[in-house]
Amino acid sequence: MSRAIDHIVLCVNDLDAAIAVYTQLGFTVTPRAVHPFGTGNALIQLDAMYIELLAVVDPGKIAETDLALPFSFPIYNRDYLRHREGMSMLALQSRDAEQDRQKFIAAGAAVPAVFHFERDAKTPDGETVGVAFSLAYANHPLLRHAVTFVCQHRHPAQNFYFPAYQSHKNGAVAIGKVLVDHWAAEAVRDFYEEIGVDAIVDALHGDELVSRYGVEDSAFPTDGFAGFELIVDDMAKIADAAVAMGAVEKDGMLIIAPSRFFGVLMVITAK
């Protein structure tokens, strides 16, 4: 079974700085939101998927008692940021997180209980609406810094996606493949195939990544998500801003190295 991307989580130390840079690149970024467990975010909504800029905004709300749990979203991302900035998580679309959890178990993944939470969100008109999610994690011992999970949206889509947030000056429309840099790339590819995401995740060894994208960067991980492909409707809309951020051109793609972009490799290509 092939799964679709719901969103990617990009961990940053300074949420305001990340919002400013993504805005400079031509994205429309939603207002900041706060989670009840110490993290906060801002989103870039695309076509039925989104980019989540995530930071720890209130460390005191991260419950250390959660260390006894099989998995804690805030502790994982807090500790990820102690290691590096970058893409910490891949979320997949789900209509039933509990059912998907059983499928992950059948595939041999280590799967904690489904995690449910709610928060407030702002509409483009400034109205406050509720959003709620159920998350089921599919953990793997080789991917301690690259967690994959499903995300079930429990409130109607009209509480979350808005056309005003999905329109971007840079022509961004979708996330393409997610890129993994891993010393055990073959084993990681087998795992992604088992959970049905091999069509949207490319697991590569570092040399393969450098060869494909022509970027050799000390900010690449060796055991996690390296970055993602951004699909735009017209390369001309984003080219100037991307080049101003240090993007290089290769085989029709514009590539921003992780050391210039909060630890994330962004590969820009036209649909």
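Counting from 1, residues in each chain are numbered in the order their sequence is written. Only residues with pLDDT of 70 or above have their local features reported here, since the model is predicted, and side-chain atom pairs are shown and tallied only from 80 upward, although totals for entire chains, interfaces and linings are computed over all residues. Computation of side-chain values: all heavy atoms of the structure, hydrogens and water removed.

Looking at an unreviewed UniProt entry, one finds the protein named VOC family protein and attributed to Thalassospira indica.

A.B. asks: What is the right way to look at the overall build of the protein in this model?
C.D. replies: Numbering goes from the N terminus for both helices and strands, where a helix is a DSSP run of H or I of at least four residues and a strand is a run of E of at least two. Secondary structure assignment for the protein yields seven helices and 14 strands. Here the C-alpha radius of gyration of the protein, 18 Å, is about what a compact globule of 271 residues would show, namely 18 Å. The principal-axis extents of the C-alpha atoms in the protein amount to approximately 45 × 45 × 35 Å. Contacts between residues were defined by any pair of non-hydrogen atoms, one from each residue, lying within 4.5 Å. The long-range fraction of contacts in the protein, counting pairs at least 24 apart against all pairs at least 6 apart in sequence, stands at 66%. In the structure as shown, the protein presents an accessible area of about 11,500 Å², 50% of it carried by carbon and sulfur atoms. We compute the radius of gyration over the C-alpha atoms and compare it with the globule rule, which gives 2.2 Å times the number of residues raised to the power 0.38. Residue burial considers only the protein chains on display, and all accessible areas are found by Shrake-Rupley using a 1.4 Å probe.

A.B. asks: What is the right way to read the sheet that holds strand S2 (residues 33-34) from this model?
C.D. replies: Adjacent strands of a sheet form backbone hydrogen bonds with each other and so pair up, either parallel or antiparallel. The pairing criterion for strands is at least two bridges between them, as found by DSSP. Spatial ordering of the open sheet is given by S2-S3-S4-S1-S5-S8-S7-S6, a layout of eight strands whose pairing is mixed. One side of each edge strand has no neighbouring strand; the edge strands of this open sheet are S2 and strand S6 (115-122). One ladder, built from eight bridges, connects S6 with strand S7 (residues 128-138); its direction is antiparallel. In the strand pairing of S7, Lys122 is matched with Thr128. Helix H3 (residues 97-106) contacts strand S5 (86-94), S6, S7 and strand S8 (147-153) of the sheet and is inclined by roughly 15 degrees relative to S7. Axis angles are defined between N-to-C directions and span 0 to 180 degrees, where every axis is a line fitted to C-alpha atoms and, for a helix, only to the segment in contact.

A.B. asks: How should the sheet that holds strand S14 (residues 265-270) be read in this particular structure?
C.D. replies: In spatial order, the strands read S10-S9-S11-S14-S13-S12; together these six strands make up an open sheet with mixed pairing. On the outer flanks of this sheet lie strand S10 (201-204) and strand S12 (248-250), each paired with one strand and no other. Here the average twist between neighbouring strands, direction ignored, is 25 degrees. Sheet strands touched by helix H5 (residues 185-194): strand S9 (172-182), S10 and strand S11 (223-232). Its angle to S10, the strand with the most contacts, is close to 160 degrees.

A.B. asks: Would you explain helix H6 (residues 206-213) in this entry?
C.D. replies: Every α-helix winds through 3.6 residues per turn, so residues three or four apart in the chain are directed the same way. Among all positions in H6, only Gly206, Leu209 and Tyr213 are buried. Down the axis of H6, the buried side of the element spans an arc of 60 degrees, and every buried residue falls inside it. When the buried face of H6 is taken as reference, the exposed residues oriented beyond 90 degrees from it are Asp207 and Ser211. Close packing links the buried residues of H6 with S9, S10, S11, S12, strand S13 (253-256) and S14. Within two residues after H6, Gly214 carries a phi angle of roughly 70 degrees, on the positive side. Only protein chains enter the accessibility calculation, which uses a 1.4 Å probe. A residue is then buried if its area is under 20% of the maximum for its type, exposed if over 50%, and partly exposed in between. Think of the arc as the fan of directions from the helix axis to the C-beta atoms.

A.B. asks: I'm lost on a negative patch on the surface in this one. Help?
C.D. replies: On the surface, Glu186, Asp190, Glu193, Glu194 and Asp198 cluster together to form a negatively charged patch. Examined against the element boundaries, Asp198 turns out to sit in the loop between H5 and S10. Relative accessible area serves as the criterion here: at 39%, Asp198 is assigned to the partly exposed category. For patch building, the residue pool is restricted to those with more than 30% relative accessible area and no salt bridge; the joining distance is 9 Å between like charges and 5 Å between nonpolar side chains (Val, Leu, Ile, Met, Phe, Trp, Tyr). Each reported salt bridge corresponds to a side-chain nitrogen of Lys or Arg within 4 Å of a carboxyl oxygen of Asp or Glu. Counted charges follow a simple rule, with Lys and Arg positive, Asp and Glu negative, and His plus the chain ends left uncounted. Working definition for charges: the position is that of NZ of Lys, CZ of Arg, CG of Asp or CD of Glu.

A.B. asks: Please explain the pairing of S8 as it appears in this structure.
C.D. replies: Residues in a regular strand project their side chains so that they alternate between the two faces of the sheet. Burial analysis of S8 places six of its seven residues in the buried class, the great majority of the element. One ladder, built from six bridges, connects S7 with S8; its direction is antiparallel. Paired with Ala138 across the strands is Thr148, a residue of S8.

A.B. asks: Help me out: how do you make sense of helix H7 (residues 235-244) in this one?
C.D. replies: Restricting attention to buried positions, one finds in H7 the residues Met235, Ile238 and Ala242. End-on view of H7: buried residues confined to an arc of 80 degrees, all on one side of the axis. The outward face of H7, more than 90 degrees from its buried face, is lined by the exposed residues Ala236, Asp240 and Ala244. Summarising the contacts, the buried residues of H7 are in contact with S11, S13 and S14. Counting of polar contacts relies on pairs of N or O atoms within 3.5 Å, with two restrictions inside protein: one atom must be capable of donating a hydrogen and the other of accepting it, and residues adjacent in sequence are counted only when both atoms are side-chain atoms. N-capping of H7 is provided by Asp234, with a side-chain oxygen placed 3.0 Å from the backbone N of Ala236. Gly246, located one to two residues past H7, shows a positive phi value of around 100 degrees.

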